[in-house]
Amino acid sequence: MPGLRGVGIGWRRELALFIDRRPGLGFVEVLAEHLSPKGPVPEPLSRLRERGVPVVLHAVSLGLGSAEPPDPRRLEWLAGLAERLGAVCVSEHLAFVRAGGLESGHLLPVQRSEEALEVLTENIRMAEAALPVPLALENVASLFEWPDAAFSEADLLRGVLERTGASLLLDVANLHAHVLNHGTDADAVLAAVPRERLAYVHVAGGVQRGGLYHDTHAHPLPPGPLTLLERLAARLGPVPVMLERDDRFPPEAELTAELSAMEQALLRGTERHGREAHRSTPERDVPRGVHEQRDTRSATQERGATDANREGMA
């Protein structure tokens, strides 16, 4: 995704001062539903844009996984916000949020069937056509699974990428929830993500309750998402990543520590990626004559050095 690199954070009004003071910020992500449809861009966001900090517009209400197509008015609203913000991309969820005129109030998982995938991809294509910037799609956390799934979470992501031009916003905190709640194969999901189709990565905190992991964005960052981030970077190299925090905003020192932990996980993974790439690089084929010429030159140089040493000793 053009313009995205390093470690960023989700922009919230409660965090605006912390974000404004933070040096070396990679990018920010702004919730579309938190902005006025026609009012001015919040001043702190305008200052970030003036500093050259890339902005991503993040939405939660399109309902791309719903049976009905996305509302053209919602798409027009989202497109207008993206242009006003100068957003580098728009991101949304692989989820449904309404059916039969009823709002769920949650990001619900898409049924993993061929029929549902066809509807989902058609809705994604409509959104892509309506938006002025690239679209990135996020995997969601869930507390339940649809029965009789025809394919895995990894296959869902792979199918969407194969059938649309959208990129992937990989939420490793949501993947962590899937692993704990449903036994999802994390390695299969990570392997389904080609680097050229990865827009950026989400990391967030959560909490275990009643035998289920809840992706709350309101609790400290556990080790699991950081481990997945490191494993992703070990596969792909450095990736743009950001911290989500939506409630129970902690002291600045705690936020700084979580961002530092993300940087360290990214660094460890990137170093592993470099070592693996070095080990897997085959020795380039060199024509036999070149080896012979090198051997002849080496032998001549060695004899010359020996003669010079003898003369020095004499």
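To be clear, the structure that these remarks concern was listed above.
What counts and what doesn't
Residues numbered from 1 in each chain as written. Predicted model: local features only at pLDDT ≥ 70, side-chain atom pairs only at ≥ 80, totals over all residues. Heavy atoms only, no water. Helix = DSSP H or I, 4+ residues; strand = E, 2+ residues; numbered from the N terminus. Buried < 20%, exposed > 50% of the residue type's maximum accessible area, 1.4 Å probe, protein only. Contact = heavy atoms within 4.5 Å. Areas by Shrake-Rupley, 256 points an atom, 1.4 Å probe, with all protein chains shown as cover. Pairing = 2+ DSSP bridges. Axes fitted to C-alpha atoms, helices over the stretch in contact; angles between N-to-C directions. Parallel < 35°, antiparallel > 145°, perpendicular 65-115°, else oblique. Left-handed = near helix turned anticlockwise from the far one by under 90°. Nonpolar A, V, L, I, M, F, W, Y, C, P; charged D, E, K, R; others polar. Right-handed = clockwise from strand over helix to strand, strands pointing away.

**Notes on the overall build of the protein**
Then, number 1: A tally of helices and strands in the protein yields 10 helices and 12 strands.
Then, number 2: Residues counted as buried form 48% of the 314 residues belonging to the protein.
Then, number 3: For the protein, contacts bridging at least 24 residues in sequence account for 77% of all contacts bridging at least 6.
Then, number 4: A total of about 15500 Å² of accessible surface is found on the protein, and carbon and sulfur atoms cover 53% of it.

**Observations regarding the sheet that holds strand β4 (residues 89-93)**
Then, number 1: Spatially, β1-β2-β3-β4-β7-β8-β9-β12 is the arrangement adopted by the 8 strands of the closed barrel, whose pairing is parallel. Ignoring strand direction, the axes of neighbouring strands in this sheet form an average angle of 30°.
Then, number 2: Pairing of strand β9 (residues 198-204) with strand β12 (residues 241-244) involves 4 bridges; the strand directions are parallel. By the bridge assignment, V201 is partnered in β12 with V241.
Then, number 3: Those strands touched by helix α9 (residues 252-280) are β1 (7-11), β9 and β12, and its axis lies near 150° from that of β12.

**Observations concerning the packing of helix α6 (residues 172-182) against helix α8 (residues 223-236)**
A packed helix pair is summarised by two numbers, namely the angle formed by the two axes and the spacing between the axes.
Then, number 1: As a packed pair, α6 and α8 sit with axes 8 Å apart at the nearest point and diverge in direction by 115°. Comparing the axis directions of α6 and α8 gives the class roughly perpendicular. Here α6 runs over α8; the crossing is right-handed. Residue-level inspection shows V172, A173, L175 and H176 of α6 in contact with α8, the latter providing G224, P225, L228 and L229.
Then, number 2: Each residue belonging to the contact of α6 with α8 can be placed in one class, and the counts come to 6 nonpolar, 2 polar and no charged.

**Looking at the pairing of strand β3 (residues 55-58)**
Then, number 1: With burial as the criterion, each face of β3 is covered, one bearing V55 and L57 and the other bearing V56 and H58.
Then, number 2: Two strands pair when backbone bridges link them, and strand β2 (residues 28-31) and β3 are joined in this way by 4 bridges, in the parallel orientation. Residue pairing across strands places E29 opposite V56, the latter belonging to β3.
Then, number 3: Considered for its hand, the β-α-β crossover made up of β2, helix α2 (residues 43-50) and β3 is right-handed.
Then, number 4: In this sheet, β4 lies alongside β3 in parallel orientation, the contact comprising 3 bridges. In the sheet register, H58 faces β4, and the bridge partner there is S91.
Then, number 5: In this fold, the crossover linking β3 to β4 by way of helix α3 (residues 72-85) has right-handed handedness.

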